[in-house]
Amino acid sequence: MSEPILSVRDVAVRFGGIVALDGISFDMPVRKIVGLIGPNGAGKTTLFNCLSRLYVPSDGDILFEGKSILTRPAHRIAEIGIGRTFQNLALFQNLTVLDNVRIGGHCRTRSDYVSDALNLPWSRRNEKQIDESARSIIDYLDLRGVAQRRVGDLPFGTQKRVELARALATNPKLLLLDEPACGLNHEEIEELGERIRHIRDDRNLTVLLVEHHMSLVMSVSDQVVALNFGRKIAEGTPAEVQRSPDVIAAYLGTEKQ
């Protein structure tokens, strides 16, 4: 077996006297889709924010390709190959779709203000590459028809696709999807499931999916990790996790047998 692309090792997070995560550990195999589930308050978002370096764990470590990410600031996470979307859209509403996606491409470049201001040859080549990559991703996600439109004028479902495009523009090895089905209708959720699988296969990505929509998680995930009250209560295939007494109790409030 190949080494995991991501290893979460005994991660704990405390906010004052509140324990948000309590010794969470799991590995993510390369080019697999891993679903992270749990009731409200389970710790999913807290863990997600640790992976993208918005939070600092109180204990434990997070390894990406065998190296700890905890010494790396949040603004330098994308450059090592970790891209993410946000539950609440973080797009530039007054910019076009193309410009939003182009912004994603800039995080993996060595461009600087002086070179851009002087319009140096290497800077122009860099901008051309970013533009070509952005247009390719826009085509890939069927956004060509709205590429020049202002993001704020687009339907919510389309905006979610734009944010996914911007995340892909960072050229990630690991894609973190934070509640991508939130606000989508049934048809859009079905399309999203197919899209996630295609992205994994076409672009050789590993995907971590944090999602409340259970049918989506169970239909696309190779592996599922379930949390409750900051602790891992189950891990395995979707079928195994669905049968877990701890998971059933967490979601249905029933006593374990």
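This text gives an overview of the structure that appears in the document. From a predicted model like this one, the values you see are computed outputs, not experimental measurements.

## Remarks on the pairing of strand 4 (residues 59-64)
Relative to strand 4, strand 1 (residues 6-15) runs antiparallel, the two being bridged by five bridges. Looking at strand 4, one finds that Val8 is bridged to Ile62. Bridge count between strand 4 and strand 5 (residues 67-68): two bridges; the pairing is antiparallel. Residue pairing across strands places Phe64 opposite Lys67, the latter belonging to strand 5. Once strand 4 ends, the chain turns through two residues before running back antiparallel as strand 5, passing Glu65 with a positive phi of about 50 degrees.

## Things to note about a nonpolar patch on the surface
Where nonpolar side chains cluster on the molecular surface, the patch consists of Phe15, Ile18, Leu54 and Tyr55 and spans about 390 Å² of accessible area. Given the relative accessible area of 57%, Ile18 is considered exposed.

## Points about the sheet that holds strand 7 (residues 174-178)
Reading across the sheet, the six strands line up as 6-7-8-3-9-10 and stay open at both edges, with mixed pairing between neighbours. Of all the strands in the sheet, just strand 6 (82-84) and strand 10 (231-236) have a single pairing partner and so form its edges. Recorded for the sheet is a direction-independent mean angle of 20 degrees between the axes of neighbouring strands. Bridge count for strand 6 against strand 7 is three bridges, and the pairing is parallel. Within strand 7, the position partnered with Arg84 by the bridge is Leu176.

## Structural notes on the pattern of salt bridges
If you walk through the whole model with that rule in mind, you get 16 salt bridges. Two residues, Arg14 and Asp59, come together in a salt bridge whose shortest N-O distance is 2.8 Å. Of the two residues, Arg14 sits in strand 1 while Asp59 sits in strand 4, which places them 45 residues apart along the sequence. Arg166 is paired through a salt bridge with Glu163; the nearest N and O atoms lie 3.6 Å apart. Of this pair, Arg166 and Glu163 both sit in helix 5 (residues 156-168), three residues apart, which is roughly one turn of the helix. Of the two residues, Arg166 and Glu163, both sit in the buried class. Within this structure, Asp99, Arg102, Glu127, Asp131 and Arg135 form a network of salt bridges that share partners.

## Details of the packing of helix 5 against helix 6 (residues 186-203)
It is at 12 Å that the axes of helix 5 and helix 6 come closest, and there the two elements cross at 10 degrees. The angle between helix 5 and helix 6 places the two elements in the roughly parallel class. As helix 5 packs across helix 6, the resulting crossing turns out to be right-handed. Each of Gly157, Arg161, Leu164 and Leu168 in helix 5 lies in contact with helix 6, whose residues at this interface are Glu188, Arg195, Ile199 and Arg203.

## Some thoughts on the pairing of strand 9 (residues 223-228)
Counting buried residues in strand 9 gives six out of six residues, a clear majority hidden from the surface. Where burial is concerned, the two faces of strand 9 agree: the one with Gln223, Val225 and Leu227 and the one with Val224, Ala226 and Asn228 are both buried. Sheet topology places strand 3 (residues 33-37) next to strand 9; four bridges connect them, and they run parallel. Its bridge partner lying in strand 9, Val34 is registered against Gln223. Here strand 9 pairs with strand 10 via five bridges, running antiparallel.

The rules behind the values
Along each chain, the written sequence defines residue order, and numbers are assigned to residues from 1. Per-residue local features are limited, in this predicted model, to residues with pLDDT of at least 70; the limit for side-chain atom pairs, both in listing and counting, is 80 or more; totals at the level of whole chains, interfaces and linings are taken over all residues. The side-chain values count all of the structure's non-hydrogen atoms but skip hydrogen atoms and water molecules. Each pair of strands is called paired provided DSSP finds at least two bridges between the two strands. The helix and strand labels rest on DSSP assignments: H or I over at least four residues marks a helix, E over at least two residues marks a strand, and numbering proceeds from the N terminus. Any residue with relative accessible area above 30% and no salt bridge may belong to a patch, with like charges joined within 9 Å and the nonpolar Val, Leu, Ile, Met, Phe, Trp and Tyr side chains within 5 Å. In these tables, accessible area is a Shrake-Rupley quantity obtained with a 1.4 Å probe, and a residue counts as shielded only by the protein chains included in the view. Any Lys or Arg side-chain nitrogen located within 4 Å of an Asp or Glu carboxyl oxygen qualifies as a salt bridge. Residue exposure (1.4 Å probe, protein chains only): buried if accessible area is under 20% of the type maximum, exposed if over 50%, otherwise partly exposed. Interaxial angle, 0 to 180 degrees, is taken between N-to-C directions of lines fitted to C-alpha atoms, where a helix line uses only the stretch in contact. We call two directions roughly parallel when the angle between them is under 35 degrees, roughly antiparallel when it is over 145, roughly perpendicular when it lies between 65 and 115, and oblique otherwise. Working rule for handedness: look at the near helix, and if it is turned counterclockwise from the far one by less than a right angle, call the crossing left-handed; if clockwise, right-handed. Here, two residues are considered to be in contact whenever any of their heavy atoms come within 4.5 Å of each other.

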